[in-house]
Amino acid sequence: MALKNKHYPHLFTPLDIGFVTIKNRILMGSMHTGLEEAKSGFERLATYYAERARGGVGMIITGGIAPNIEGSSGAKLSTNAEAAQHKIVTDAVHNADSDVRICMQILHEGPLASNDICVSPSGIRSRISKFTPAKLSEDGIEKQISDMVNCAQLARAAGYDGVEIIGSAGYLISSFLVKKTNLRTDDWGGSYENRMRFALETVRRIRAAVGDEFILIFRIAAMDMLQGGMSWDEVVLLAKRMQDLGVNIISSHFTWHEAAIPTIATMVPRAAFSSVTGRLRKELDIPTITSNRINMPKIAEAVLARGDADLVSMARPMLADPDFARKAKQGKDDEINTCIACNQACLDHLFTGQHVSCLVNPRACNETILNYLPVDRAKNIAVVGAGPAGLSFATIAAERGHQVTLFDAADEIGGQFNLAKQIPGKEEFYETLRYYGRMLELHGVDLRLNTMVTTDMLMGGGFDEIIIATGINPRTPDIEGINHAKVISYIDVIKGQRPVGKSAAIIGAGGIGFDIAELISHSGCSSSLDIELFAKEWGIDFDNHPRGGIAGVETVITKSTREIYLLQRKTTPVGRGLGKTTGWTHRITLNRRGVNMLNGVQYLKIDDEGLHILVHDQPQTLNVETIIICAGQTSQRTLYDELQEGGLNVSLVGGAYEAGELDAKRAIDQASRLAAVI
Ligand code: FAD
Ligand code: NAP
Ligand code: SF4
């Protein structure tokens, strides 16, 4: 008998599903990347997946591939020519490690497909889609099933070890299951037995077509977060029926895309939903997969140890670190580049038509383009500023073999991430700093903290290259009375250097304005650290699982004890510029806490009375005790200008390069690309 892994015994126990063994319990979950539709995309996908296979995952589920045009927003698999493209991916994965299994997700998007020939059981448009689907005729239903069977057969021919059939999230199969989207009165609608028919027929016919020795995973909406969604009994019945039909594994999915409850954002506690899978697992004889906000090995191990699942799916964590599984196996958790669940470079990209990458790992999905290769000649490089830009530059340049000295005026690395990590809901930022700290050690970067670098210090320093990553200065807006005693900066607030009164106005409603509103409207423990609190805030009942997990559950709203105004000059809705997939969660939270969000504001003056403004040209005085400035930032580049004048070889990265619309995604991406070629 093989020895148990001493770090994570559950995670590294193989799973035997009869005709095949999965070498460990780490599953790379399905994530569409956008490469599926890109030029030479399959070659890039092959390299991307092969790198994760070499990184030690047990099984990979690809991003969703549609069985036909009507079910697709992009990629489909319905022809032999398309199967040949997929073969590039399966060969690459199996060549990288023949013990890694790769399954293709069959995703018929139904009413959520971005095309004007999309279909659904009853022709009901989803609130998140701009297309109204056509109601399927009985022949149309037969065609959709046949197309899914054809897709599964082609997947098998393309070398996949199995398929995952998505039966959740508001896509076609799930839209048959739920009454609110299935109003049919024929054999495919009405009773639950009839509403299940489409899912069951699809799976039954796929199993018959692909034979017994092909992995079939059914992804079920274990808690759909939908008013009028599935009851617990319905979830269990469907899972059991799938088991009877020869499905090998049940994967649990949480939420429909149209539900207004966060399930993967950074504010969601780690492994918040795994208990739901645990409950389902008790009803079944086949293995189950759980997912959502499981981003470190110890969380995954705990999920398995308490019997919540047999396999743990991690999608975004595999973008953040392709070697996650290998590092976990070796007990090198401190070397894992942790997914912080920001969605900024993955899902936000996907939903804005860009291909997916990762904020903390810009190589994700760029494996054929961005590589950190050993250098022929080591240079002596100084990096000034240990914020995200300086850290990513320094660690990559040193990993390549350069001799790097990293300076920061502060007594710790991290720059503005040391502010961000203190915002309730952003605790994951600690992980990024832990990762960089370890990489500095591992690659031998000479770190000099508490060192305010001046031009003189660098002029005779003998450095071949100097990288200026000095970040930003907060902008001070030109408002009469801006030096009044009641005006403070966001830095003062986060560092607790100046008290905030019972009433406050925040000038500027960008990312930082929202974070400050979160911080000062919040009380008690951060709900991202407490599943029970999170459930109360969002009205979820994990224990009793009423219909959808939410029916009849009151949201416990804690109004802010402060009177807060969040202000912007633009006339667009406040918060519109926030992340596509997370902005709504922040807007809902602040609204519930009673934060007043005003747009179309002109700032007139600040005096003892408070902040005098025009709101859509109407005068108003906000009689507040504190005014907090969050009005953007300007680049901090004096050092750069002076060094350049002195004729030194100097480059700019991050906020020092450009402060406008800067975020950590851009800072890390820019610095990594420079470090790759220097
Ligand atoms: P900085 O992080 O500003 O680092 C600059 C460093 O240079 C500092 O450590 C400073 O001490 C050092 N320095 C400056 N001058 C000198 C000198 N002369 N000598 C030595 N050292 C010097 N971004 C996101 O993408 N997502 C978020 O969710 C997010 N949330 C945020 C929340 C808050 C509250 C804040 C404040 C920022 C947030 N950001 C977020 C923005 C993100 O932190 C910045 O975009 C990023 O830190 C910029 O990185 P940087 O390395 O260019 O600069
Ligand atoms: P920002 O997003 O650019 O917002 C600045 C705000 O200040 C805007 O609301 C702007 O709106 C206002 N403003 C700009 N100039 C002004 C002036 N002269 N007078 C008064 N108001 C002015 O910048 P930020 O909030 O400082 O954030 C910095 C960066 O960190 C951002 O790029 C952001 O992406 C990133 N960040 C991201 C997150 C996240 O969750 N993704 C969180 C925090 C920070 P008006 O011009 O309409 O008034
Ligand atoms: Fe995770 Fe953010 Fe990277 Fe997406 S962009 S994988 S959420 S760290």
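Relevant structure appears above.
Residue positions are counted from 1 within each chain, in the order its sequence is given. Labels follow written order: the first chain is A, the first ligand is 1, and so on. A pLDDT threshold of at least 70 governs which residues receive local features in this predicted model, and a stricter bar of 80 or more applies before side-chain atom pairs are shown or counted, although totals over entire chains, interfaces and linings include all residues. Only heavy atoms go into the side-chain values, all of them from the structure, while hydrogens and water stay out.

J.: Sorry if this is basic, but what is going on with the overall build of the chain here?
T.: Along the chain, the regular secondary structure elements total 21 helices and 27 strands. A compact globule built from 678 residues would reach a C-alpha radius of gyration of about 26 Å, and the chain, at 26 Å, matches this within 12%. Buried, partly exposed and exposed residues are distinguished by accessible area as a fraction of the type maximum, computed with a 1.4 Å probe on protein chains only: under 20%, between the cut-offs, and over 50%, respectively. Residues counted as buried form 60% of the 678 residues belonging to the chain. Contact between two residues is taken to exist if any of their heavy atoms lie within 4.5 Å; hydrogens are not considered. Excluding contacts between residues fewer than 6 apart, the proportion of contacts in the chain whose partners are at least 24 apart in sequence is 72%. For accessible areas, the Shrake-Rupley method is used with a probe of radius 1.4 Å. Any residue's cover is judged against the shown protein chains and nothing else. Total accessible area on the chain stands at roughly 26400 Å², and carbon and sulfur atoms take up 48% of it. Taken as two groups, the 70 positive and 78 negative side-chain charges of the chain have centres that lie 2 Å from each other. The secondary structure listing takes helices from DSSP runs of H or I that are at least 4 residues long and strands from runs of E that are at least 2 residues long, numbered from the N terminus. Radius of gyration here is computed from C-alpha atoms only, and the compact-globule reference equals 2.2 Å multiplied by the residue count raised to the power 0.38. A positive count includes Lys and Arg, and a negative count includes Asp and Glu. His and the chain ends are not counted in either. Each charge is placed at NZ for Lys, CZ for Arg, CG for Asp and CD for Glu.

J.: Where do I start with the packing of helix α17 (residues 511-521) against helix α19 (residues 583-592) in this structure?
T.: At a minimum axis distance of 10 Å, the contact between α17 and α19 shows a crossing angle of 40 degrees. When the interaxial angle is binned, α17 and α19 end up oblique. As for the relative orientation of α17 and α19, their crossing is left-handed in sense. Taken together, the residues of α19 that come into contact with α17 (itself represented by F514, A517, E518 and S521) are H586, R587, T589 and L590. Gly is placed with the polar residues, together with every amino acid not listed as nonpolar (Ala, Val, Leu, Ile, Met, Phe, Trp, Tyr, Cys and Pro) or charged (Asp, Glu, Lys and Arg). For the contact of α17 with α19, the residue count by class is three nonpolar, three polar and two charged. To get an axis, a line is fitted to the C-alpha atoms, and for a helix only the part in contact is used. The angle between two axes follows their N-to-C directions and goes from 0 to 180 degrees. Working definition: roughly parallel below 35 degrees, roughly antiparallel above 145 degrees, roughly perpendicular at 65 to 115 degrees, and oblique for all remaining angles. Two helices cross in a left-handed way if the nearer one is turned anticlockwise from the farther one by less than a right angle. They cross in a right-handed way if the turn is clockwise.

J.: Hey, could you run me through the pairing of strand β8 (residues 162-167) in this one?
T.: Sheet faces and side chains relate simply in a regular strand, where the side chains alternate between the two faces. The element β8 is largely enclosed, with a buried count of six among its six residues. Because side chains alternate across β8, one face comprises the buried residues G162, E164 and I166, and the other comprises V163, I165 and G167, equally buried. A strand pair is defined by DSSP finding two or more bridges across the two strands. In the sheet, strand β5 (residues 101-106) pairs with β8 via four bridges, with the strands oriented parallel. Counted as the bridge partner of Q105 is E164 from β8. Note that β8 and strand β9 (residues 215-223) share six bridges and pair parallel. Directly across from I166, in β9, lies its bridge partner R219.

J.: So what exactly am I meant to see when it comes to the pattern of salt bridges here?
T.: When their charged atoms lie close together, side chains carrying opposite charge are able to pair. By convention in these notes, a salt bridge is any Lys or Arg side-chain nitrogen within 4 Å of a carboxyl oxygen on Asp or Glu. Summed over the entire model, instances satisfying the criterion amount to 33 salt bridges. Close ionic contact of K143 with E70 constitutes a salt bridge, the shortest N to O distance being 2.8 Å. Residue K143 is found in helix α3 (residues 138-157), and its partner E70 is found in the loop between β4 (59-65) and α2 (80-96); the two are separated by 73 residues along the sequence. By relative accessible area, which is 11% here, E70 ends up buried. K87 is the partner of D91 in a salt bridge, and the nearest nitrogen-oxygen pair spans 2.9 Å. Within this pair, D91 and its partner K87 are both found in helix α2, separated by four residues, close to a single helical turn. Using a relative accessible area of 33% as the deciding quantity, one classes K87 as partly exposed.

J.: Would you mind showing me how to read the pairing of strand β19 (residues 503-507) here?
T.: With five of its five residues buried, β19 lies for the most part within the structure. Residues S503, A505 and I507 of β19 are buried on one face, and the alternating residues A504 and I506, pointing to the opposite face, are buried as well. Bridge count for β19 against strand β20 (residues 563-567) is five bridges, and the pairing is parallel. Among the inter-strand pairings, A504 is bridged to a residue of β20, identified as I564. Taken together, the four bridges between β19 and strand β25 (residues 626-629) define a ladder with parallel strand orientation. Across the sheet, the residue bridging to A504 is T626, located in β25.

J.: Quick question: what am I supposed to make of the sheet that holds strand β21 (residues 596-598) here?
T.: Either a parallel or an antiparallel arrangement is found when strands of a sheet pair, and the pairing is made through backbone hydrogen bonds. Pairing is parallel across the open sheet formed by five strands, whose spatial order is β18-β25-β19-β20-β21. The sheet terminates laterally at β18 (487-489) and β21, the two strands that pair on one side only. Averaged over all pairs of adjacent strands, the angle between their axes in this sheet comes to 25 degrees, without regard to strand direction. In the packing of α17 onto the sheet, contacts are made with β19, β20, β21 and β25, and the angle to β20 comes to roughly 175 degrees.

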